[in-house]
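Descriptive analysis of the structure
Residues per chain, in single letters:
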Amino acid sequence: KNEVEQSPQNLTAQEGEFITINCSYSVGISALHWLQQHPGGGIVSLFMLSSGKKKHGRLIATINIQEKHSSLHITASHPRDSAVYICAAATDSWGKLQFGAGTQVVVTP
Amino acid sequence: DAEITQSPRHKITETGRQVTLACHQTWNHNNMFWYRQDLGHGLRLIHYSYGVQDTNKGEVSDGYSVSRSNTEDLPLTLESAASSQTSVYFCASSEGGLAGITSYNEQFFGPGTRLTVL
């Protein structure tokens, strides 16, 4: 059983809709990362958080340490948000990552 | 601009051959990581290094080795390539340097190497 679980696996939304991706973990963490993998394969870091909430543009990431749960929200979704979103738990003090399986998001016009 | 590069970007090799994938970063980061990405498994850690001369095994290290002789490079070697090692390989780096300072642990990923073992 993977110690980092994401849901849903796939998600299709209409442009403008609010999107939520969930991540649950069963390991101790120093931080929780959200990554985006573009259709071309490149991976970029979106957020790294160890408590509370972070916001960047239309993206919001939250974490509840007690419940071992994090969410990534996309407000006013756009077709350019179509990508795979990956959560990853940093399992040591230097940031070694354990990954969820990813959520494929497709936003249609 | 500082960056992280991988070479080659695509490689086809035969079973049993030794293959080395290069990873080079110009940020002077302490931490470097190698991952493989496969359908159905997501990203998995192969090896990692927290500084020069430091190397550690990840969850799928069998059949792979790394060495860290300088800050900039962490080459990944497949000692005897197997078809099960057909995958996309990503290298990443983070500043690191101080344990527990999470702001130093954001990882920056290379563009990936697609390896096919026939």
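Provided above is the structure to which this section pertains.
Before going into details, it helps to say that this report is about the structure given with it. (Residues numbered from 1 in each chain as written. Chains lettered and ligands numbered in written order. Predicted model: local features only at pLDDT ≥ 70, side-chain atom pairs only at ≥ 80, totals over all residues. Heavy atoms only, no water.)

Focus on the state of the cysteines
The test is simple: Disulfides are defined in this document as cysteine sulfur pairs within 2.5 Å. Secondary structure counts use DSSP, requiring at least four H or I residues in a row for a helix and at least two E residues in a row for a strand, with both numbered from the N terminus. Burial classes follow relative accessibility: with a 1.4 Å probe on protein chains only, a residue under 20% of its type's maximum area counts as buried, one over 50% as exposed, and anything between as partly exposed.
Taken as a whole and judged by the stated rule, the model has two disulfides over all chains. Paired by a disulfide, Cys 23 of chain A and Cys 87 of chain A hold their sulfur atoms 2.1 Å apart. Because the torsion about its S-S bond is 70 degrees, the bridge between Cys 23 of chain A and Cys 87 of chain A counts as right-handed. Here Cys 23 of chain A is found in strand 3 (residues 19-25), whereas its partner Cys 87 of chain A is found in strand 9 (residues 83-90), with 64 residues between them in sequence. Cys 87 of chain A shares its class with Cys 23 of chain A; the two are buried. The disulfide that involves Cys 23 of chain B links it to Cys 91 of chain B, with 1.8 Å between the sulfurs. Judged by the sign of its S-S torsion, about -70 degrees, the bond between Cys 23 of chain B and Cys 91 of chain B is left-handed. Placement of the pair is Cys 23 of chain B in strand 3 (residues 19-25) and Cys 91 of chain B in strand 9 (residues 87-94), with a sequence separation of 68 residues. Each member of the pair, Cys 23 of chain B as well as Cys 91 of chain B, is classed as buried.

Focus: the layout of surface pockets
As a reminder of what qualifies: A cavity here means a set of points on a 1 Å grid, drawn over the protein atoms and nothing else, where a 1.4 Å probe fits but cannot get out; a pocket is an open set with protein on both sides within 12 Å along at least five of seven lines, and a residue lines either one if it has an atom within 4 Å of a point. Grid points are joined across faces, edges and corners, and a volume is the space filled by probe spheres set on the points. Each residue is assigned to one of three groups, with Ala, Val, Leu, Ile, Met, Phe, Trp, Tyr, Cys and Pro labelled nonpolar, Asp, Glu, Lys and Arg labelled charged, and all others, Gly among them, labelled polar.
Volume-wise, the largest pocket comes out at about 730 Å³. As for the largest pocket, its lining consists of 30 residues, and the residues nearest its centre are Gln 37 and Val 84 of chain A together with Gln 37, Asp 38 and Leu 39 of chain B. At the level of secondary structure, the elements contributing two or more residues to the lining of the largest pocket comprise strand 9 and strand 11 (103-108) of chain A together with strand 4 (31-38), strand 5 (42-51), strand 9 and strand 11 (113-117) of chain B. Classifying every residue of the lining of the largest pocket by side-chain character gives 10 nonpolar, 17 polar and three charged.

A word on the sheet that holds strand 1 (residues 4-7) of chain B
All names here are of chain B. The condition is simple: Between any two strands, at least two bridges found by DSSP are needed for them to pair. Fitting a line to C-alpha atoms yields each axis, with helices limited to the stretch in contact; the angle taken between N-to-C directions then spans 0 to 180 degrees.
Ordered by their spatial adjacency, four strands build an open sheet running 1-3-8-7, and the pairing between neighbours is antiparallel. What marks the edges here is a single partner per strand, and that holds for strand 1 and strand 7 (64-66). The mean inter-strand angle of the sheet, taken between neighbouring strand axes irrespective of direction, is 20 degrees. Here strand 7 runs beside strand 8 (residues 76-78); their pairing, made up of three bridges, is antiparallel. In the strand pairing of strand 8, Val 66 is matched with Leu 76.

Quick notes on the nonpolar core
For clarity, the cut-off: Each nonpolar core is a collection of buried residues, namely Ala, Val, Leu, Ile, Met, Phe, Trp, Tyr and Cys, held together in the definition by side-chain atoms within 4.5 Å.
In this structure, Ile 19, Leu 32 and Trp 34 of chain A are the most contacted members of the largest nonpolar core, which totals 23 residues. The set of elements that each furnish at least two residues to this core consists of strand 2 (10-14), strand 3, strand 4 (31-37), strand 5 (43-49), strand 7 (59-64), strand 8 (69-74), strand 9 and strand 11 of chain A. Leu 35, Met 48 and Ala 90 of chain A together with Tyr 48 of chain B belong to the second largest nonpolar core, which has 20 residues in total.

What about the interface of chain B and chain A?
By a widespread convention, an interface's size corresponds to the accessible area lost as its parts come together. Threshold: Contacts between residues were defined by any pair of non-hydrogen atoms, one from each residue, lying within 4.5 Å. Computed with a 1.4 Å rolling probe, the buried area is the accessible surface lost when two parts are put together, summed over both parts. Only one rule defines a salt bridge in this text: a Lys or Arg side-chain nitrogen within 4 Å of an Asp or Glu carboxyl oxygen.
On the chain A side, the residues contacting the 21 residues of chain B number 17 residues. Both sides together, the interface formed by chain B and chain A hides about 1,700 Å², and carbon and sulfur atoms give 61% of it. At the surface where chain B touches chain A, the tally comes to zero salt bridges. Residue assignment for the side of chain B that touches chain A shows that the elements contributing at least two residues are strand 4, strand 5 and strand 9 of chain B.

A word on the pattern of salt bridges
All names here are of chain B. Applying the stated criterion to the full structure yields four salt bridges over all chains. Asp 38 is paired through a salt bridge with Arg 44; the nearest N and O atoms lie 3.0 Å apart. On the basis of relative accessibility, which here comes to 14%, the residue Asp 38 falls in the buried class. Bridged by salt links that share partners, the residues Arg 36, Asp 38 and Arg 44 form one connected network.

Concerning the sheet that holds strand 7 of chain A
Residue and element names in this part refer to chain A. The five strands lie next to each other as 1-3-8-7-6, forming an open sheet whose pairing is antiparallel. Both outer strands of the open sheet, strand 1 (4-7) and strand 6 (52-56), are each paired with one neighbouring strand and no more. Strand-to-strand, the axes of this sheet are offset by a mean angle of 15 degrees, without reference to chain direction. Where strand 6 lies against strand 7, five bridges are found, and the strand directions are antiparallel.

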